[in-house]
Amino acid sequence: MEKIAVYGSGTIGSCQATLVIGHGLPCTVVGHSESGLVRCRKAIEQNWDDLIAQGLATEKNKTAALALLTITNDPAALEGCTFVFEAVTEGCKEKQAVYEIITQYAQDSAIVASCSSSMDAEILAGLTGRPEQLLVAHPFQPVHMLPLVEVVRHQRTGEETLSRTMALLETLHRQVVVLNRSVPGFLVNRFAQALFRESIYLIEQGVTTAADIDKAVKYAMGMRYASIGLLEYFDAVGFDLESAIAKNVYPDLCDTKELQKLVLSGLASGKTGQAAGEGLYDWSKKDQDDFRLRKQSPYFDGVKEWTMPE
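In this text the structure is predicted, and so the values were computed from the model without any measurement.

## Describing the pairing of strand 6 (residues 134-138)
Step number 1: The buried fraction of strand 6 amounts to five of the five residues, a majority that puts the element mostly inside the structure.
Step number 2: Here strand 6 shows two buried faces, one formed by Leu134, Val136 and His138 and the other by Leu135 and Ala137.
Step number 3: In this sheet, strand 6 lies alongside strand 5 (residues 111-114) in parallel orientation, the contact comprising three bridges. Note that in strand 6 the partner of Ser114 across the bridge is Val136.
Step number 4: In the sheet, strand 6 pairs with strand 7 (residues 148-152) via three bridges, with the strands oriented antiparallel. In the sheet register, Val136 faces strand 7, and the bridge partner there is Val152.

This is the structure:
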């Protein structure tokens, strides 16, 4: 079994570590500040408390899992590690520095799986002296709950790197999709940006509200595509009908290549979303704990597959 580390103690890193120790595997988290380590441990404990509250884990599981966890600012803790999830800031300078540290301390054969959501895998490969041992393994928040991982290869990704990554992700009960080359946004973020763009356009045009768009997506698209695939549905409807719909709809779809006025206005006013307290919604009127649990609730059953430590 791989000896696993997570480089990065933020939200993604803490959830990735929760997943690893939740499968009874030791995990070392490497951060860069004492305050970051405190936040990381608190986040991991909160993740476990949420699982316990849903009857998906016990206090005994939590105690045993936390005993498998090492959180430190000392990169020497990477010694002997064979698989490192890199979850640091989206910047070439920051990632290159981390890759140099991993090369210095981890095993020579160590795989680096970047959790990047936006950086081209080819660019990342150019930041390390061991490109054949690097690929992207992009998870989705909350990482320990949502099972999908986008594995993105680049031209020099080794076959052993791919096979070992797939084996580990399967052990962690992840659902993996593989991209043979990197494209901006990979798969899911491309789909999401298309929906975001059209949704913002419809709000700007006065067609409907954010709340009603969310209702339409949740109770039609969300429920439909939770049970059948998007392209299964396309085939079920048939090319003839889908072509007729496309001819009517395509000409009216938003096709802007620029940030929209609604978004620019929010950036200018500081009303930038949940963290700011207001964006498309007034978050002061929302229950934050309820929102956090709703983000996780579709994936609760998947946790039952974990091999939790006791």
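## Considerations on helix 1 (residues 11-22)
Step number 1: The end-to-end C-alpha distance of helix 1 is 16 Å, a good match for the 16 Å that 12 residues give at a rise of 1.5 Å each.
Step number 2: Within helix 1, 10 of the 12 residues are buried, which leaves it mostly tucked inside the rest of the structure.
Step number 3: Considered for burial, the residues of helix 1 that qualify are Gly13, Ser14, Cys15, Gln16, Ala17, Thr18, Leu19, Val20, Ile21 and Gly22.
Step number 4: Buried positions along helix 1 lie against strand 1 (4-7), strand 2 (27-30), helix 2 (34-53), helix 3 (59-66), strand 3 (69-72) and strand 4 (83-86).
Step number 5: Phi for Gly24, located one or two positions after helix 1, is positive at around 75°.

## Examining the environment of Leu66
Step number 1: With respect to the element layout, Leu66 can be found in helix 3.
Step number 2: What makes Leu66 buried here is its relative accessible area of 17%.
Step number 3: Expressed as a C-alpha distance, the spacing of Leu66 and Gly24, which sit 42 residues apart in the sequence, is 9.8 Å.
Step number 4: Once residues lying within four places of it in the same chain are set aside, the contact partners of Leu66 are Ile21, Ile44 and Glu45.

## Focus: the pattern of salt bridges
Step number 1: The tally for this structure, following the rule as stated, stands at 12 salt bridges.
Step number 2: A salt bridge links Asp290 to Arg294; its shortest N-O distance comes to 2.9 Å. Separated by four residues within a single helix, Asp290 and Arg294 lie in helix 12 (residues 288-296), roughly one turn from each other.
Step number 3: A relative accessible area of 40% places Arg294 in the partly exposed class.
Step number 4: What emerges from the salt-bridge pattern is a single network uniting Glu2, Glu160 and Arg164.

## Concerning the packing of aromatic side chains
Step number 1: Overall, the coordinates contain six aromatic pairs when judged by the stated rule.
Step number 2: The interplanar angle of 55° and the centroid separation of 5.0 Å between the aromatic rings of Phe83 and Phe85 together place this pair among those described as tilted.
Step number 3: Classification of Phe85 by relative accessible area gives buried; the value is 1%.
Step number 4: Taking the ring centre of Tyr281 as reference, the NZ or CZ of Lys286 above it sits at 4.4 Å.

## Overview of the nonpolar core
Step number 1: Membership of the largest hydrophobic core comes to 39 residues, with the highest contact counts inside it found for Ile21, Val29, Ile44, Trp48, Leu51, Leu69 and Phe85.
Step number 2: Here the element with the most residues in this core is helix 2; it accounts for five residues.
Step number 3: Counting 21 residues, the second largest nonpolar core, distinct from the first, contains Ala5, Ile102, Leu124 and Val136.

## Focus: the side chain of Arg153
Step number 1: Considering the arrangement of structural elements, one finds Arg153 in the loop between strand 7 and helix 6 (159-171).
Step number 2: A distance of 2.5 Å separates polar atoms of two side chains, one belonging to Arg153 and the other to Glu159.
Step number 3: Setting aside chain neighbours within four positions, we find Arg153 in contact with Ala121, Glu159, Leu162, Val178, Leu179, Asn180, Arg181 and Ser182.

## Details of the sheet that holds strand 4
Step number 1: Read across the open sheet, the eight strands follow the order 3-2-1-4-5-6-7-8; overall the sheet is mixed. The outermost strands of the open sheet, each flanked by one partner alone, are strand 3 and strand 8 (175-179). Neighbour-to-neighbour, the strand axes of the sheet open up by a mean angle of 25°, direction not taken into account.
Step number 2: Summarising the sheet, strand 1 and strand 2 pair through four bridges and their orientation is parallel. Bridge pairing in strand 2 links Val6 to Val29.

Calculation notes
Residues numbered from 1 in each chain as written. Predicted model: local features only at pLDDT ≥ 70, side-chain atom pairs only at ≥ 80, totals over all residues. Heavy atoms only, no water. Buried < 20%, exposed > 50% of the residue type's maximum accessible area, 1.4 Å probe, protein only. Helix = DSSP H or I, 4+ residues; strand = E, 2+ residues; numbered from the N terminus. Pairing = 2+ DSSP bridges. Expected span 1.5 Å × (residues − 1). Contact = heavy atoms within 4.5 Å. Salt bridge = Lys/Arg side-chain N within 4 Å of Asp/Glu carboxyl O. Phe/Tyr/Trp six-rings, centres within 6.5 Å; stacked < 30°, edge-to-face > 60°. Lys NZ or Arg CZ within 6 Å of the ring centre and 35° of its normal. Core = buried A, V, L, I, M, F, W, Y, C linked by side-chain atoms within 4.5 Å. Polar contact = N/O pair within 3.5 Å; in protein donor to acceptor, adjacent residues only side chain to side chain. Axes fitted to C-alpha atoms, helices over the stretch in contact; angles between N-to-C directions.

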